[in-house]
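Below, each chain spelled out in residue letters.
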Amino acid sequence: MIKLKDVDKFIDSKYQRTFILKGIDLEIKQGEFVTIMGPSGAGKSTVMNIIGMLDEPSQGEYYFLDEPIHKMKERKRSELHKHHIGFVFQAYHLIDELTVYENIETPLLYKGVKSSERKSLVAEMLDRFQMVAKKDLFPEQLSGGQQQLVGVARALIGQPKLLLADEPTGNLHSDQAEEIMKLFQKLNSEGMTIVQVTHSKENAAYGKRTINIVDGAIDTDSTH
Ligand SMILES: Nc1ncnc2c1ncn2[C@@H]1O[C@H](COP(=O)(O)OP(=O)(O)OP(=O)(O)O)[C@@H](O)[C@H]1O
Ligand SMILES: [Mg+2]
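Residues numbered from 1 in each chain as written. Chains lettered and ligands numbered in written order. Predicted model: local features only at pLDDT ≥ 70, side-chain atom pairs only at ≥ 80, totals over all residues. Heavy atoms only, no water.

J.: Is there a simple way to explain the overall build of the protein chain in this structure?
T.: Secondary structure assignment for the protein chain yields 7 helices and 10 strands. At 18 Å, the protein chain has a C-alpha radius of gyration in line with the 17 Å of a compact globule built from 224 residues. Based on the C-alpha atoms only, the size of the protein chain along its principal axes is roughly 55 × 40 × 35 Å. Put simply, of all contacts in the protein chain between residues at least 6 apart along the chain, 69% involve residues at least 24 apart. By element, 47% of the accessible surface of the protein chain is carried by carbon and sulfur atoms, the whole surface being about 11500 Å². Of the side chains in the protein chain, 28 bear a positive and 32 a negative charge, and the two mean positions are spaced by 5 Å. (Helix = DSSP H or I, 4+ residues; strand = E, 2+ residues; numbered from the N terminus. Rg over C-alpha atoms; globule rule 2.2 N^0.38 Å. Contact = heavy atoms within 4.5 Å. Areas by Shrake-Rupley, 256 points an atom, 1.4 Å probe, with all protein chains shown as cover. Lys, Arg positive; Asp, Glu negative; His and termini not counted. Charge placed at Lys NZ, Arg CZ, Asp CG, Glu CD.)

This is the structure:
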């Protein structure tokens, strides 16, 4: 599903080139549940953003579903992102001015899904996440754990093939984190491909493969 070939990410200033990623070779198959770990500043979020098509490599090749993303124009890339990728962020990134219902609905508006279908998809998601009673509340009226559930619901509403989560439980208490991890485990058992970044060994244990990134390169890659 995902293939990175010799990917570099660097930033050029007048006198020097600073590498954020160097020589990343990575293959992830449909149905995997992969955890990316590594020290702060190692390049984990940069890898996630490249996989999620929010950023692009400086050099190297990226294939998603066998399509060469590195050759695509911004517009085509953003179409692929919208249709195939759900992204969950550490800081939730919900829109404060929108209700729970509207936050979850947003990706469907971007995708141009028609009103009646939007209604039924959002209703289904609210039901699944047991948030029907909270649908008219605003993010600030929810606990952190509930906000992240909305973040996950929003990531899933477009029925993506790939769920990316960059430290999704970084701001949560351990019981809230466990709820999110159990949800990921269930989604993965239903076939969802998941790549998560975490600093927590407990969270990593929910995945089936752990990749360690150190100084912009893959240090270890093990299946468990
Ligand atoms: N746009 C940018 N300009 C300059 N440096 C950047 C930019 N984006 C990232 N970096 C640098 O690249 C390195 C990797 O950043 P990245 O956010 O990928 O790390 P991370 O592994 O996700 O760290 P953390 O665990 O703290 O989230 C850091 O040193 C960061 O300062
Ligand atoms: Mg990061």
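J.: Sorry, what's going on with the site of ligand 1 here?
T.: As a structural note, the neighbourhood of ligand 1 is formed by I11, I20, P39, S40, G41, A42, G43, K44, S45, T46, E167 and H199. Contact between ligand 1 and H199: an oxygen atom at 3.2 Å from a side-chain N or O atom of the residue. Starting from 640 Å² of accessible surface for ligand 1 in isolation, the protein chains cover 52%. A total of 3 residues in the shell around ligand 1 trace back to one element, the largest contributor, which is helix α1 (residues 44–51). (Near = heavy atom within 4 Å. Polar contact = N/O pair within 3.5 Å; in protein donor to acceptor, adjacent residues only side chain to side chain.)

J.: I would appreciate a short explanation of the sheet that holds strand β4 (residues 59–64) in the present structure.
T.: Within the open sheet, the 4 strands sit side by side as β2-β1-β4-β5. Their pairing is antiparallel. If you trace the sheet from one side to the other, it starts and ends with β2 (17–28) and β5 (67–68), each paired once. (Pairing = 2+ DSSP bridges.)

J.: Which parts of the structure should I look at to understand the packing of aromatic side chains?
T.: Each aromatic ring pair is described using two quantities: the centre-to-centre distance and the angle formed by the ring planes. Throughout the structure, instances matching the rule amount to 2 aromatic pairs. Ring geometry for F87 versus F89: centroids 4.8 Å apart, planes at 20°, classification stacked. The exposure class assigned to F87 is buried, which follows from its relative accessible area of 8%. Judged by relative accessible area, F89 falls into the partly exposed class, the value being 22%. The aromatic ring of F10 is capped on one face by R17, whose charged end is 3.7 Å from the ring centroid. Taking the ring centre of F19 as reference, the NZ or CZ of K22 above it sits at 4.4 Å. (Phe/Tyr/Trp six-rings, centres within 6.5 Å; stacked < 30°, edge-to-face > 60°. Buried < 20%, exposed > 50% of the residue type's maximum accessible area, 1.4 Å probe, protein only. Lys NZ or Arg CZ within 6 Å of the ring centre and 35° of its normal.)

J.: When you look at the packing of helix α3 (residues 100–111) against helix α5 (residues 144–156) in this model, what are you seeing that I'm missing?
T.: Between two packed helices, both the angle of their axes relative to each other and the distance between the axes serve to describe the pair. It is the contact of α3 with α5, at a shortest axis distance of 7 Å, that shows an interaxial angle of 30°. It follows that α3 is roughly parallel to α5 by the angle criterion. Relative to α5, the crossing made by α3 is right-handed. Side by side, α3 and α5 meet where V100, N103, I104 and P107 of the first sit next to V150, A153 and R154 of the second. Partitioned by chemical class, the residues of the contact of α3 with α5 number 5 nonpolar, 1 polar and 1 charged. (Axes fitted to C-alpha atoms, helices over the stretch in contact; angles between N-to-C directions. Parallel < 35°, antiparallel > 145°, perpendicular 65-115°, else oblique. Left-handed = near helix turned anticlockwise from the far one by under 90°. Nonpolar A, V, L, I, M, F, W, Y, C, P; charged D, E, K, R; others polar.)

J.: Explain the nonpolar core to me, please; I cannot follow it from the model alone.
T.: In a soluble, globular protein the nonpolar side chains are often hidden away together inside. Ranked by size, the top nonpolar core spans 34 residues in total, and within it I104, F129, V152, L156, L163, F184 and L187 carry the most contacts. Looking at this core, the elements that each hand over two or more residues are α3, α4 (115–128), α5, β7 (162–166) and α6 (174–189). Among residues more than four places away in sequence, those in contact with F129 are L149, V152, A153, L156 and L183. Counting residues in hydrophobic clusters, the runner-up holds 29 residues, among them I24, F64, V197 and I211. (Core = buried A, V, L, I, M, F, W, Y, C linked by side-chain atoms within 4.5 Å.)

J.: Sorry, what's going on with α4 here?
T.: An α-helical turn contains 3.6 residues, so any two residues separated by three or four positions project in the same direction. Between its first and last C-alpha atoms α4 spans 20 Å; for 14 residues at 1.5 Å apiece the expected length is 20 Å, and the two agree. Within the span of α4, buried status applies to R118, L121, V122, M125 and L126. Taken down its axis, α4 places every buried residue within 135° of arc, on the same side. Along α4, the residues that are exposed and aim more than 90 degrees away from the buried face are K119, E124 and D127. Buried residues along α4 sit against α3 and α5. Q130 occupies a position one or two residues after α4 and carries a positive phi of about 50°. (Expected span 1.5 Å × (residues − 1). Arc of directions from axis to C-beta.)

J.: I keep staring at the UniProt feature "domain: ABC transporter" (unreviewed entry) in the protein chain and nothing clicks. Help me out?
T.: If you check UniProt for "domain: ABC transporter" (unreviewed entry), the listed places come out as residues 2–224 in our numbering. Helix and strand shares over residues 2–224 are 36% and 29% respectively, and the end C-alpha atoms of the span are 20 Å apart. (UniProt positions renumbered as here; feature names shortened; annotations may be inferred.)

J.: What's the story with the sheet that holds strand β3 (residues 33–37) in this structure? I'm lost.
T.: Sheets are built from strands paired through backbone hydrogen bonds, the pairs being either parallel or antiparallel. One open sheet accounts for 6 strands, arranged β6-β7-β8-β3-β9-β10; its pairing is mixed. Looking at strand neighbours, the two that pair on one side only are β6 (85–89) and β10 (217–223), the edges of this open sheet. The sheet shows a mean angle of 15° between the axes of neighbouring strands, taken without regard to direction. Running at roughly 155° to β7, α1 makes contact with β3, β6, β7, β8 (193–197) and β9 (209–214) of the sheet. On top of the sheet, helix α2 (residues 74–84) reaches β6 and β7; it is set at about 80° to β6, its chief contact.

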